[in-house]
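# Analysis of the macromolecular model
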Amino acid sequence: MLARLWYGNSGWRWWLAPFALLFSLVSGVRRFAYRRGWFKAYRAGLPVIVVGNISVGGNGKTPVVVWLVEQLQARGFRPGVVSRGYGGKAPHYPYRLDETSTTAQAGDEPVLIARRCGCPVAVAPKRADAVRLLERSGEVDIIVTDDGLQHYALARDIELVVVDGARRFGNGCLLPMGPLREPISRLKRVDAIICNGGEPGRGEYAMHLAPGTPRRVCDDAPLTAPLQGPVDALAGIGHPPRFFATLTALGYELAQSVGYADHQAFDAAELLSRFGERPLLMTEKDAVKCRAFAPAHWWYLPVSAELPDALGEALLRTLKGAGGRQS
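Treat the numbers as computed from the prediction; the structure is a model and nothing was measured. (Residues numbered from 1 in each chain as written. Predicted model: local features only at pLDDT ≥ 70, side-chain atom pairs only at ≥ 80, totals over all residues. Heavy atoms only, no water.)

## Topic: the UniProt feature "transmembrane region" (unreviewed entry) in the protein chain
Note the following rule: UniProt positions are given in the numbering used here, feature names are shortened, and annotations may be inferred rather than shown by experiment. The way it works is that DSSP assigns letters per residue, a run of H or I at least four long becomes a helix, a run of E at least two long becomes a strand, and they are numbered from the N terminus.
When the UniProt feature table is mapped onto this chain numbering, "transmembrane region" (unreviewed entry) sits at residues 12–33. For residues 12–33, the helix share is 77%, the strand share is 0%, and the end-to-end C-alpha distance is 33 Å.

Structure representation (structure tokens):
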């Protein structure tokens, strides 16, 4: 219902205008207070890069975080990633992920990033606590925060915003009247805007998600022969239709495609009963939640963000201009 309200032309959204006005007032005062220094933000001793968005829903932040970490590693940096750990309940905070960490403890995206990138990852509701933990470890020299554009309690050197190129900003209204966490004018203050699919706007960097070879969920073994016949698909991400469209474009015939809420905790019995003998394809983000109970005919499709070299070079210049406190 909200999707139709936010991304359609429904006149019903005007009933929510008073709430949107209140949201705008509260969030605007908060931003102003941090900008003026009335609220104290933690300034790390290391450079901090925030990857976020101004709208709710899946815009493709996690692939950008993975791309950014890999770019930094290739240039000799030792990045660490911090996240809120949404959907997880860790035994304590801040919590440093290890090879035994589960999505129930740390959330799906932090587990995905830790496994994919092999870099230190820490989660905490207050991201500054996670940053302090990684700083004390001495293992990192730059911090990447997954989401957190609106988490002004953590100062940052670079802000990257990811925009859904197909849905853009919906009706352009703030929550709950529209999908925006902050007004579109906020984009004037960020360092780079990344357009995921669709047609990039002026000054935006075009991003494409390149699918890789499917891998088996239970053991990460790569697919060695094409899947035969119809397949099932599931996606528990911010915008499931994007994943289903990718599978269709790759030539898969989808017998059933089931979308779940973003960050939803899966019920093993429900999934095993819903998806029978046909091969099942899911996102990598879903796979980290299904690994413990997945049968051998479940596969995930890894994707990698493809971004122009100019963005990497611009980020390096910005880091150097920031004084590279310890870069």
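## Considering the environment of Val 121
Put simply, the rule reads: The rule is simple: take the accessible area with a 1.4 Å probe, protein chains only, and divide by the maximum for that residue type; under 20% is buried, over 50% is exposed, in between is partly exposed. The contact rule is simple, with two residues in contact once any of their heavy atoms fall within 4.5 Å.
Along the polypeptide, Val 121 turns up in strand β4 (residues 121–123). You can call Val 121 buried: its relative accessible area is 1%. Taking the C-alpha atoms as reference points, Val 121 and Leu 133, separated by 12 residues in sequence, lie 9.9 Å from one another. When residues no more than four places from it in sequence are discounted, the contact partners of Val 121 are Val 81, Tyr 95, Arg 96, Leu 97, Pro 110, Ile 113 and Ala 114.

## Structural notes on the sheet that holds strand β3 (residues 95–96)
Which entries qualify depends on this criterion: Strand pairing requires that DSSP identify at least two bridges connecting the strands.
Reading across from one edge, β3-β4-β2-β5-β1-β6-β7-β8-β14 is the order of the nine strands in this open sheet, with mixed pairing throughout. If you trace the sheet from one side to the other, it starts and ends with β3 and β14 (303–306), each paired once. Across four bridges, strand β1 (residues 48–52) lies against strand β5 (residues 142–146) in parallel orientation. Within β5, the position partnered with Val 51 by the bridge is Asp 146.

## Comments concerning the pattern of salt bridges
As a reminder, the rule being used: Whenever Lys or Arg places a side-chain nitrogen within 4 Å of a carboxyl oxygen from Asp or Glu, that contact is recorded as a salt bridge.
If you walk through the whole model with that rule in mind, you get 21 salt bridges. Two residues, Arg 186 and Glu 182, come together in a salt bridge whose shortest N-O distance is 3.3 Å. Taking the relative accessible area as the measure of exposure, Arg 186 reaches 6% and is therefore buried. The exposure class assigned to Glu 182 is buried, which follows from its relative accessible area of 1%.

## A short note on the sheet that holds strand β13 (residues 298–301)
Spatial ordering of the open sheet is given by β9-β13-β12-β10-β11, a layout of five strands whose pairing is mixed. What marks the edges here is a single partner per strand, and that holds for β9 (215–216) and β11 (254–259). Of the pairings in the sheet, the one linking strand β12 (residues 280–283) to β13 comprises four bridges and is parallel in character. Counterpart to Met 282 in the pairing with β13 is Tyr 300.

## As for the nonpolar core
For clarity, the threshold we go by: Nonpolar cores are built from buried Ala, Val, Leu, Ile, Met, Phe, Trp, Tyr and Cys residues. Side-chain atoms within 4.5 Å join them into one set.
Core analysis: the largest hydrophobic core is formed by 37 residues, its most contacted members being Val 51, Leu 68, Val 81, Val 144 and Leu 160. Where this core is concerned, the elements lending two or more residues are β1, α3 (61–74), α5 (108–117), β4, β5, β6 (158–164), β7 (192–196) and α10 (309–321). Per-element tally for this core: the top contributor is α3, with seven residues. With near-sequence residues (within four places) excluded, Val 51 lies in contact with Lys 61, Val 64, Val 65, Leu 68, Val 144, Thr 145, Asp 146, Asp 147, Gly 148, Leu 160 and Val 162. With 24 residues, the next largest nonpolar core counts Leu 46, Ala 124, Val 163 and Val 190 among its residues.

## Here we look at helix α2 (residues 17–35)
Put simply, the rule is: In a helix, the anticipated span is given by 1.5 Å times the number of residues less one. The arc under discussion is defined with respect to the helix axis, by the directions toward the C-beta atoms.
Across its 19 residues, α2 extends 26 Å between first and last C-alpha, which sits within 8% of the 27 Å expected from 1.5 Å per residue. Taken as a whole, α2 has its buried residues at Ala 20, Ser 27, Arg 31, Ala 33 and Tyr 34. Taken end-on, α2 shows its buried residues confined to a sector of 165°, consistent with a single buried face. Along α2, the residues that are exposed and aim more than 90 degrees away from the buried face are Pro 18, Leu 21, Leu 22, Leu 25, Val 26 and Val 29. One or two residues past the end of α2 sits Gly 37, with phi positive at roughly 85°.

## Remarks on the packing of aromatic side chains
Note the following rule: Aromatic contacts are taken between Phe, Tyr and Trp rings whose centres are within 6.5 Å, Trp giving its six-membered ring; a plane angle under 30 degrees counts as stacked, one over 60 as edge-to-face, and the others as tilted. The rule is short: NZ of Lys or CZ of Arg within 6 Å of the ring centre and within 35 degrees of the ring normal puts a charge over the ring.
Counting across every chain of the model gives six aromatic pairs. Seen in terms of ring centroids, Phe 32 and Trp 38 are 5.3 Å apart; in terms of plane orientation they differ by 80°. Their pairing is edge-to-face. Ring centres 6.3 Å apart and planes at 35° place the aromatic pair Tyr 34 and Tyr 152 in the tilted group. Residue Tyr 34 is found in helix α2, and its partner Tyr 152 is found in the loop between β5 and β6; the two are separated by 118 residues along the sequence. With respect to class, Tyr 34 is no different from Tyr 152; both count as buried. Taken together, the aromatic side chains of Tyr 34, Phe 39 and Tyr 152 make up a single cluster linked through ring pairs. It is Arg 132 that lies over the ring of Tyr 42; its NZ or CZ is 4.1 Å from the centre.

## Thoughts on the pairing of β13
The test is simple: Here, the term right-handed applies to a crossover whose path from the first strand over the helix to the second runs clockwise when the strands point away from the viewer.
Side chains Trp 298 and Tyr 300 project from β13 onto one buried face, and the interleaved Trp 299 and Leu 301 project onto a second face that is buried too. As paired strands, β9 and β13 are joined by two bridges and run antiparallel to one another. Opposite Arg 216, over in β13, you have Trp 299 as the bridge partner. Taken together, β12, helix α9 (residues 284–290) and β13 constitute a β-α-β crossover, and its handedness is right-handed.

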